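Residue-level structural notes
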Amino acid sequence: MQLLQVATLLLPLLCPAHSGISDMDCERWQDLDSAVVHKEGQVILAGIFPIHSKGVDQELSFVSAPGKRRCKGLNLRAFRWSQAMIFFIEEINRNPNLLPNITLGYRLYDHCWLMALSTRSALSVVSLPLKRNSTGACSSPTIPLIIGDPGSTLSMAVSRLLNLFRVPLVSYFASCACLSDKQKFPYFFRTIPSDAYQASALARLVKHLGWTWIGAMGGDDAYGRTALEMFTAEVTRLGVCVEFRAIIPKVPSQQQVQEIVRMIRDSSARVLVAFAIEEDIQPVMEEVVRQKVTGKQWVASEAWITSTLISTSYPSLSGTIGFAIRRAEIPGLRTFLHSLQPLGEPYNPSAREFWETQFQCSFNTSIPVGMADLDHYNRTCTGQERIEDTETIYNDVSQLRVTYNLHKAVYAVAHALHNLLKCKKKEGNTDKQQQCPDILNLQPWQVIQYLKEVNFTNMFGDTVYFDEYGDPAGSYDIVNWHEGSDGRTLEFVTVGRFDSYLPTELQLVLYQDNIVWHDGSKTVPVSVCSASCLPGYRKATRKGQPLCCYDCVPCAEGTISNSLDQSECTLCPEDLWSNPQRDSCVEKQIEFLSYTEGFGMALTATAILGVVATATVAAIFLHHRDTPLVRANNSELSFLLLLSLTLCFLCALTFLGQPSRWACPLRRTAFGLTFALCLSCLLSKTLVVLMAFRATLPGNNTARWFRPPQQRLGVFLCSALQCAVCVAWLTTAPPYPVKNTWLYRDRIILECHLGSMALFCCVLGYIGCLAAFCFVLAFLARKLPDNFNEAKFITFSMLIFCAVWIAYIPAYVSSPGKFTVAVEIFAILASSFGVLLCIFAPKCYIIIFMPEKNTKKYLMSQKVSR
């Protein structure tokens, strides 16, 4: 809306004082700026270039019309672009296959990087002098579009203005992604890829090289700010942190430049990414070199990576890397540039300025000098000086990148006009919109559809087309600055490429061995806030700091990290455990009480000792089986008790070794049956002793019920009951081996599951009942004569037995892993030794060491004395 108001205000300036135009006389519209290079043709292409780099401040009185705008600082690069456009147009005019019988003309404008001049030039294009067309009516000459502007911000302003007149704008260097918005810029096209591609590609390059801590800056314009925002968003998504972002002012003060450089110098980031045109980045680089800021790796955008101004002025920036638009070797261009005539036709004021500046001479002529004030030199120019004898940015055609984009733009327009020329009218169609345009009386809006449909392959093999946003495909070269052989210049070396139209995994290609970094080495510089966490560690973010700043924390037991910079450690599977380095999962240690380990060997030796001791006692009793002491203590039950004790000692050995499907049921049932047999024998012996003394009472016939057959029957019945429980246990829910992974996280305990806890409690409960009953009876018979009963010894043995198994319960519950089995074995051995020693040790002592007491005479004498 504001641009419409501006155009409305400017229209009176464009026209003469009287606005009426007669059909007879075509009035001449006033040109807004005469500082143009022009050549007439049937179709005229307008071009806008920053031939001068700065504008001279102008005072406006608002009383009279402002004077002509002055500029300074001839931009040799942009001057070469303008000459290249002339070369391309003349090349097209010589081509009989492209626009045959049509001559292209041109009008070239200089905007000096000023928005006011840029919009003024655009308005000048749409307000050219009127002339009569083929029908005799007055109309403007055929200028269907403008090629330009190279700056994104200026392109936005010009495009908004041209929208009012439906004039297309084809840019060769405006890369801001914002220009892809067809709602705001419906008639904008370009041959340089959108910064959306570049921002994504640069972010991927940074990620690919392992840089996670960077600084970023951009120019204070649409190009710099938009590209900076897009790049920051993309690298953040990829896990890269931006330490700082700086905006470079368009006309920075010395203090502002020093502040930016101070930020760069104090930053811990060693990689700096800059989105700025060469005019914006140049004062920063100058201050960086002046302050001797080193150790920084610069990553450049396409706007300055091939800047001869920066690379020739600051050779200390060797190692800079960045994306550049594709280059081409354009045949004939260098010769054309050398053939420049400073005063030739058509007259080019900038050519004269270039000539006088380059050769330090002045022309004696009154021809207008254009927009710049020329310096006066004492030497007079002859016009015969040779440009080929000089080496300047103007005739340096080694890096034709923007020039190649300009080539694409000019030829894209030519092909659009060529397709328009071949248009055939449809019979019977009266719709003006569907009629073929008259190329000699062409309106700008008639070219738009043909521009959208442009698709051709140029002489260099590249396909030129515009997508639905008016953009080409994203194709870049990756350029690295190498120090020249003389040590004072820098060379641009292509070390990779990026093509957006390829599959994702093939888009970025980098020849890393060819890259020379800022320190002159081939090793990729490191730019991280925190060093990479090695395998076995995880990243722990520091509170209040970016994600890239972290501490490396060792993985906990049972977890691993097997790659660099893992955020979380991975839990090992249930059967595996982390190794000491925490970088891989290994098989867990299998643990069980083995015969081969020291503790297991000690228990085995103790059990064997118990067997040997029991066998020795049995041998002694067998050898002295006819003595009164052996016969008086019921030798049959004694031998059966010794047999059960032997089985108890052997039962302990079944608890050693790796649990298996046969070992687990065996150890539990063997334990229950052997101890039931042992306690049954003790119970029978106690009852025999107790009943034997009761039988001495007059009229008591109880002894007949406790003779040897009844004793054997009692032992059998007591044991048979336990055997029935064990059979039920084995048939319903027998014990089975399990891997205990919940007790210890770092190892697996092989143990026997009880199968049925209830039946296991029945087995233990039955043994406990036998032991308790035996203890009570023995306690009641403890005061009977020592020579005729062993109730006192049975009492002691049961006391030990019960104490051991009562202490066993808390020890069993609290003992971890294989020590649970050790406690059980210890209880079996301790209770067995208790019974063996308490009952048989006193008898063996008398038999061996006091044989005089093992006689019938001695026993009778003791009875008489009592």
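Residues numbered from 1 in each chain as written. Predicted model: local features only at pLDDT ≥ 70, side-chain atom pairs only at ≥ 80, totals over all residues. Heavy atoms only, no water.

1. Describing the state of the cysteines
- In total, this model carries 10 disulfides according to the counting rule given.
- The disulfide that involves Cys533 links it to Cys552, with 2.0 Å between the sulfurs. Disulfide Cys533-Cys552: the torsion about the S-S bond is -95°, which places it as left-handed. Here Cys533 is found in the loop between strand S20 (508-510) and strand S21 (537-541), whereas its partner Cys552 is found in strand S22 (residues 550-554), with 19 residues between them in sequence.
- For Cys552, a relative accessible area of 34% puts it in the partly exposed group.
- Looking at Cys802, it has no disulfide partner, and the nearest cysteine sulfur is the one in Cys774, 8.8 Å off.
- For Cys802, a relative accessible area of 22% gives the class partly exposed. (Disulfide = S-S within 2.5 Å. Helix = DSSP H or I, 4+ residues; strand = E, 2+ residues; numbered from the N terminus. Buried < 20%, exposed > 50% of the residue type's maximum accessible area, 1.4 Å probe, protein only.)

2. Quick word on the packing of helix H2 (residues 76-94) against helix H12 (residues 402-421)
- In the contact formed by H2 and H12, the axes pass within 10 Å of each other and the chain directions differ by 35°. As for how H2 packs across H12, the hand of that crossing is right-handed. Contact residues: H2 offers Arg77, Arg80, Trp81, Ala84, Met85, Phe88, Ile89, Glu91 and Ile92, while H12 offers Val402, Thr403, Leu406, His407, Val410, Tyr411 and Ala414.
- In terms of residue class, the contact of H2 with H12 is built from 11 nonpolar, 2 polar and 3 charged. (Axes fitted to C-alpha atoms, helices over the stretch in contact; angles between N-to-C directions. Left-handed = near helix turned anticlockwise from the far one by under 90°. Contact = heavy atoms within 4.5 Å. Nonpolar A, V, L, I, M, F, W, Y, C, P; charged D, E, K, R; others polar.)

3. Structural notes on the sheet that holds strand S27 (residues 589-591)
- Overall, mixed pairing links the 3 strands, which are arranged S27-S29-S28 in an open sheet. Each end of this open sheet is capped by a strand with a single partner; those strands are S27 and strand S28 (736-740). Shown here is a sheet whose adjacent strand axes are inclined to one another by a mean of 30°, direction ignored. (Pairing = 2+ DSSP bridges.)

4. Considering the environment of Leu205
- Note on placement: Leu205 falls in helix H5 (residues 195-208).
- Expressed as a C-alpha distance, the spacing of Leu205 and Val299, which sit 94 residues apart in the sequence, is 9.8 Å.
- With residues up to four places along the chain from it excluded, the contact list for Leu205 reads Phe323, Leu508 and Leu510.

5. Description of helix H19 (residues 708-732)
- With 25 residues, H19 extends 36 Å between its outermost C-alpha atoms, agreeing within 8% with the 36 Å of an ideal straight helix rising 1.5 Å per residue.
- Along H19, the residues that are buried comprise Gln711, Val715, Cys718, Ser719, Gln722, Cys726 and Trp729. (Expected span 1.5 Å × (residues − 1).)

6. A word on the pairing of strand S18 (residues 475-483)
- Most of S18 is tucked away, with 8 of its 9 residues classed as buried.
- Relative to S18, strand S15 (residues 321-325) runs antiparallel, the two being bridged by 5 bridges. Directly across from Ile321, in S18, lies its bridge partner Asn480.
- Pairing geometry for S18 and strand S19 (residues 490-499), over 9 bridges, is antiparallel. Across the sheet, residue His482 finds its bridge partner in S19, namely Glu491.
- In this structure, the hairpin formed by S18 and S19 is closed by a connection of 6 residues, where Gly487 is found at a positive phi of approximately 75°.

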